[in-house]
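# What the coordinates show
Chain by chain, the residues run as shown.
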Amino acid sequence: MKRHIPEGLERFEADWHFTHAVEARGLVFCSGVTGTSVNGRVDADPAAQFHQAFEHLRVYLEAAGCSIDGLVEITSYHVGLREHLEAFLAVKDLWIEPPYPAWSAIGVSELITPGALVEIRAVAEPPGSRIS
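Residues numbered from 1 in each chain as written. Predicted model: local features only at pLDDT ≥ 70, side-chain atom pairs only at ≥ 80, totals over all residues. Heavy atoms only, no water.

## Thoughts on helix α2 (residues 46–63)
- With 18 residues, α2 extends 26 Å between its outermost C-alpha atoms, agreeing within 8% with the 26 Å of an ideal straight helix rising 1.5 Å per residue.
- Regarding α2, the residues found buried are P46, Q49, F50, A53, F54, L57, Y60 and L61. All buried residues of α2 fall inside an arc of 135 degrees around its axis, so they share one side.
- In this structure, the buried side of α2 is in contact with β2 (21–24), β3 (27–34), β4 (71–79), α3 (81–95) and β6 (118–124).
- Just downstream of α2 lies G65, where phi reads positive at about 80 degrees. (Helix = DSSP H or I, 4+ residues; strand = E, 2+ residues; numbered from the N terminus. Expected span 1.5 Å × (residues − 1). Buried < 20%, exposed > 50% of the residue type's maximum accessible area, 1.4 Å probe, protein only. Arc of directions from axis to C-beta. Contact = heavy atoms within 4.5 Å.)

## A look at the environment of M1
- Here M1 is to be found in the segment before β1 (2–4).
- Taking the C-alpha atoms as reference points, M1 and V22, 21 residues apart in sequence, are found 6.7 Å from one another.
- Excluding residues that lie within four positions of it along the chain, M1 makes contacts with V22 and E23.

## Digging into the environment of A63
- Tracing the chain through its elements places A63 in helix α2.
- Separated by 43 residues in sequence, A63 and H20 place their C-alpha atoms 9.0 Å apart.

## Section: α3
- At A87, α3 shows its maximal bend, which comes to roughly 35 degrees.
- Among the residues making up α3, those that are buried are H84, F88, V91 and K92. (Bend = angle between axes of the 7 residues up to and from the residue.)

## Observations concerning the nonpolar core
- Formed by 23 residues in total, the largest nonpolar core has its most connected members in C30, F54, L57, L61, L71 and I120.
- The biggest single contributor to this core is α2, with six residues.
- Those residues in contact with L61 that sit more than four places away from it in its chain are C30, C66, S67, I68, L71 and A124. (Core = buried A, V, L, I, M, F, W, Y, C linked by side-chain atoms within 4.5 Å.)

## Looking at the packing of α2 against α3
- Remark: α2 packs on α3, axes separated minimally by 9 Å, with the N-to-C direction vectors making an angle of 40 degrees. As the angle between them shows, α2 and α3 are arranged oblique. Considering only the axes of α2 and α3, their crossing is right-handed. In this structure, α2 uses P46, A47, F50, H51, F54, E55 and R58 to contact α3, whose residues at the interface are H84, A87, F88, V91, K92, L94 and W95.
- Broken down by class, the residue content of the contact of α2 with α3 amounts to nine nonpolar, two polar and three charged. (Axes fitted to C-alpha atoms, helices over the stretch in contact; angles between N-to-C directions. Parallel < 35°, antiparallel > 145°, perpendicular 65-115°, else oblique. Left-handed = near helix turned anticlockwise from the far one by under 90°. Nonpolar A, V, L, I, M, F, W, Y, C, P; charged D, E, K, R; others polar.)

In structure tokens, the structure reads:
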């Protein structure tokens, strides 16, 4: 197993005891990301949060030598799933193009970050992987 920690985010592993991305058996598994800004705040606008969450996911993937194009699966956990699904789909479609990865959307009552509306977990295939 190979760990990938984006530059500048090393403290999270020590504080929260997790790794941002782990490479195993030819795939990269990304921990959940929320739409928290660099100052630790969560934007009140759902679309802004969703964009920030995908930006965080991009950073995790790039630290592991992957990209959004390499996604094979995403799971999104939503506070207010039905209320914000249309906005999430619109943002997701700006970040993810065909061929689409597998996707599951799960409604939850809360997330670890107060005010967060979504957390995204992902699995990606590195470029040149022999899995395909």
